[in-house]
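An overview of the molecular structure
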Amino acid sequence: TTSRVINFGAGPSTLPQSVLEKAAQGLLNFEDTGIGIAEISHRSKEFVAFISNVEALIRSQLNVPPTHSILFTQGGGTTQFSAVVLNLLARHKLLHPELTDDERVMDYVLTGSWSKKAFLEAKRLGGARANIALDARKYSKDGVSFDNVPPHDEYAFSPASALIYYCENETIDGVQFSPDPSAQTSFPFTILPRERSGLLPLVGDHSSSFMSRPIPHLSEHAVIFAGAQKNIGPAGLTVLIVRQDCLVDVDAAAKLGATPVPLCLSYKTLAEGRSLYNTPSLLPIYITGLVLERMQELGGLAYFEALGRRKAEKVYAAVRAGEERGVFQGKVQAGSCSWMNVIFNVLGSGAESRFLAGAEKVGMKGLKGHRSVGGIRVSLYNAVTEADTDKLVDYMKEFVSEAS
Ligand code: PMP
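Definitions and limits used
- Residues numbered from 1 in each chain as written.
- Predicted model: local features only at pLDDT ≥ 70, side-chain atom pairs only at ≥ 80, totals over all residues.
- Core = buried A, V, L, I, M, F, W, Y, C linked by C-beta atoms within 7 Å.
- Buried ≥ 20, exposed ≤ 12 C-beta atoms within 10 Å, placed from the backbone.
- Helix = DSSP H or I, 4+ residues; strand = E, 2+ residues; numbered from the N terminus.
- Domains from an automatic or database assignment.
- Contact = placed C-beta atoms within 7 Å.
- Expected span 1.5 Å × (residues − 1).
- Arc of directions from axis to C-beta.
- Near = placed C-beta within 6 Å.
- Nonpolar A, V, L, I, M, F, W, Y, C, P; charged D, E, K, R; others polar.
- UniProt positions renumbered as here; feature names shortened; annotations may be inferred.
- Pairing = 2+ DSSP bridges.
- pLDDT = per-residue confidence, 0-100.
- Axes fitted to C-alpha atoms, helices over the stretch in contact; angles between N-to-C directions.

Here the focus is the nonpolar core. Membership of the largest hydrophobic core comes to 117 residues, with the highest contact counts inside it found for Met106, Tyr108, Tyr165, Val223, Val239, Tyr286 and Leu380. The element that contributes the greatest number of residues to this core is helix 7 (residues 282-298), accounting for nine residues. Three or more residues apiece are contributed to this core by two domains, here domain 1 (45-295) and domain 2 (300-403). Apart from the residues within four sequence positions on either side, Tyr165 is in contact with Met106, Asp107, Tyr108, Val109, Ser115, Ala118 and Val203.

All right, on to the domain arrangement of the protein then. Interfaces are often described in size by the accessible area the parts lose on coming together. The assigned domain composition of the protein is domain 1 (45-295) and domain 2 (300-403). Relative to domain 2, the C-alpha centre of domain 1 lies at a distance of 29 Å. Counting residues at the interface gives 26 residues for domain 1 and 23 residues for domain 2. Those elements that place two or more of their residues in the side of domain 1 that touches domain 2 are helix 2 (45-62) and strand 7 (175-176).

Let us now look at helix 1 (residues 17-28). A rise of 1.5 Å per residue sets the reference length of helix 1, with its 12 residues, at 16 Å; its end C-alpha atoms lie 17 Å apart and thus fit the reference within 8%. The set of residues buried in helix 1 consists of Val19, Ala23 and Gly26. The buried residues of helix 1 occupy an angular sector of 55° when the element is viewed end-on, so they sit on one face. Exposed and oriented more than 90 degrees from the buried face of helix 1 are Gln17, Ser18, Glu21, Ala24, Gln25 and Leu28. Structurally, helix 1 contributes buried residues whose contacts are with helix 7.

Turning next to the site of the ligand. Around the ligand, the structure places Gly11, Gly76, Gly77, Thr78, Trp114, Cys167, Thr171, Asp205, Ser207, Ser208 and Gly227. No other element matches the three residues that helix 3 (residues 76-95) contributes to the shell around the ligand. Here the shell around the ligand is built from residues that sort into two nonpolar, eight polar and one charged.

Mapped onto the present numbering, the UniProt feature "domain: Aminotransferase class V" (unreviewed entry) falls on residues 6-392. Measuring from the first to the last C-alpha atom of residues 6-392 gives 9 Å, for a span that is 35% helix and 15% strand.

A word on the environment of Asn29. Along the chain, Asn29 turns up in the loop between helix 1 and helix 2. Each C-alpha atom, one on Asn29 and one on Glu272, is 29 Å from the other, the two residues being 243 residues apart in sequence. Apart from the residues lying within four places of it in its own chain, the contact partners of Asn29 are Gly34 and Gly36.

Attention now moves to unusual backbone geometry. Residues Gly11 and Pro12 are joined by a peptide bond in cis, for which omega reads -5°. In this fold, Pro12 is placed in the loop between strand 1 (6-7) and helix 1.

Quick look at the pairing of strand 8 (residues 202-205) now. The side chains of a regular strand alternate between both faces of the sheet. Burial along strand 8 is two-sided: Leu202 and Gly204 and Val203 and Asp205, pointing in opposite directions, are all buried. With four bridges connecting them, strand 5 (residues 163-167) and strand 8 associate as parallel partners. Across the sheet, Ile164 pairs through a bridge with Leu202, a residue of strand 8. Two elements, strand 8 and strand 9 (residues 223-227), share three bridges in a ladder whose sense is parallel. For Gly204, the partnering residue across the bridge sits in strand 9 and is Ile224.

Across the protein, pLDDT averages 97, with 100% of residues at or above 70. If you check the scores for this complex, the pTM reads 0.98 and the ipTM reads 0.99.

Taken in spatial order, the three strands line up as 11-12-14 in an open sheet, and their pairing is antiparallel. The open sheet is flanked by strand 11 (328-330) and strand 14 (376-379), the only strands paired with a single partner. Geometrically, the sheet is characterised by an average inter-axis angle of 35° between neighbouring strands, direction not taken into account.

Now the structure itself:
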């Protein structure tokens with residue numbers, strides 16, 4: 001298939017060719033059942049065994065402790081913007097029936113467009129209870145953009161919030177928390193206000209960095225969620241990692257006055273049904289399973305972490321070289337730059353279109369930035385190889401030398 005291009009798209013995004021070829025066979029005949037994966041019962045023993053292996057592959061590679069359930073659902077990250085609010089407000093109601101609903105504050109850390117969108121949904125569902133614990137735009141170069149992660153002492157958390165929310169990697173803005181815990185641009189895990197039990201009501205949107213490197217303080221999270229369609233599979237599968245005290249009886253909470261929760265959004269329902277409460281997305285789960293098997297064969301998360309670091313360093317170095325010649329301009333402040341989505345501008349009138357057209361001519365697509373921020377966005381998810389990255393870097397160097 002020589003017609004495949006190098007796809008730097010932000011999601012859905014490129015998948016390994018070997019996986020797609022295997023999946024094509026599975027579409028006709030899943031695991032020698034004689035039935036294709038899009039046709040077989042989700043309660044067949046073959047699929048039930050497959051989905052529990054997908055869970056095991058995530059659990060072992062990410063080191064998910066037994067305190068946390070791994071759940072599969074649909075509806076993407078966007079559905080989780082609503083589900084985390086409903087489940088964790090119900091949990092808070094059961095934990096603290098003595099508080100008034102106005103006291104059930106939800107703290108949001110805004111570092112980009114996706115955390116902002118999640119905050120707006122919390123406001124829809126929870127009104128004034130949705131609180132901004134940090135707005136990174138205040139610390140931006142222009143005062144209005146998301147281009148940084150602020151230092152730890154800028155956060156203002158509420159003492160007893162129902163949830164503390166952050167987005168690990170902001171796909172549109174190219175802002176990501178540092179994996180180095182001593183960096184001021186890391187997530188401030190150590191200063192979060194704890195519950196009486198010592199637990200944290202911490203929710204992380206890991207949609208666009210899931211399975212690209214280890215998750216810091218994973219075991220302290222209440223909920224981690226991620227759509228599959230960046231690093232591990234096609235759209236249609238959402239992975240949840242939920243601490244078991246967050247699998248709450250939402251009907252018991254509703255009896256006390258909490259908002260009733262649709263059953264398919266209830267984490268307890270999903271867990272009790274072992275992710276088969278309703279028909280799951282069999283084909284996306286299948287392809288994701290194949291990707292995770294391949295990841296394991298290649299050396300798991302450590303392999304992809306090292307690869308991801310190298311790819312990002314190469315592209316940022318090319319951006320900086322272009323900056324020195326006045327051809328490119330990076331958008332994100334140092335220390336907050338995403339490994340997954342590199343954002344920069346091409347300076348000069350018509351230059352951005354020339355950059356995109358030239359890239360397409362040599363077989364590289366998906367580089368146009370999100371319509372809300374413009375510029376170029378290079379997405380470097382797991383299936384983008386180092387050779388693909390080198391080809392882009394060569395093209396960037398060539399573009400700079402021709403433009404300057
Ligand atoms: N969060 C992040 C960080 C994302 O990148 C996206 C999608 N690009 C979403 C949430 C929304 O996910 P979905 O489109 O799967 O609902």
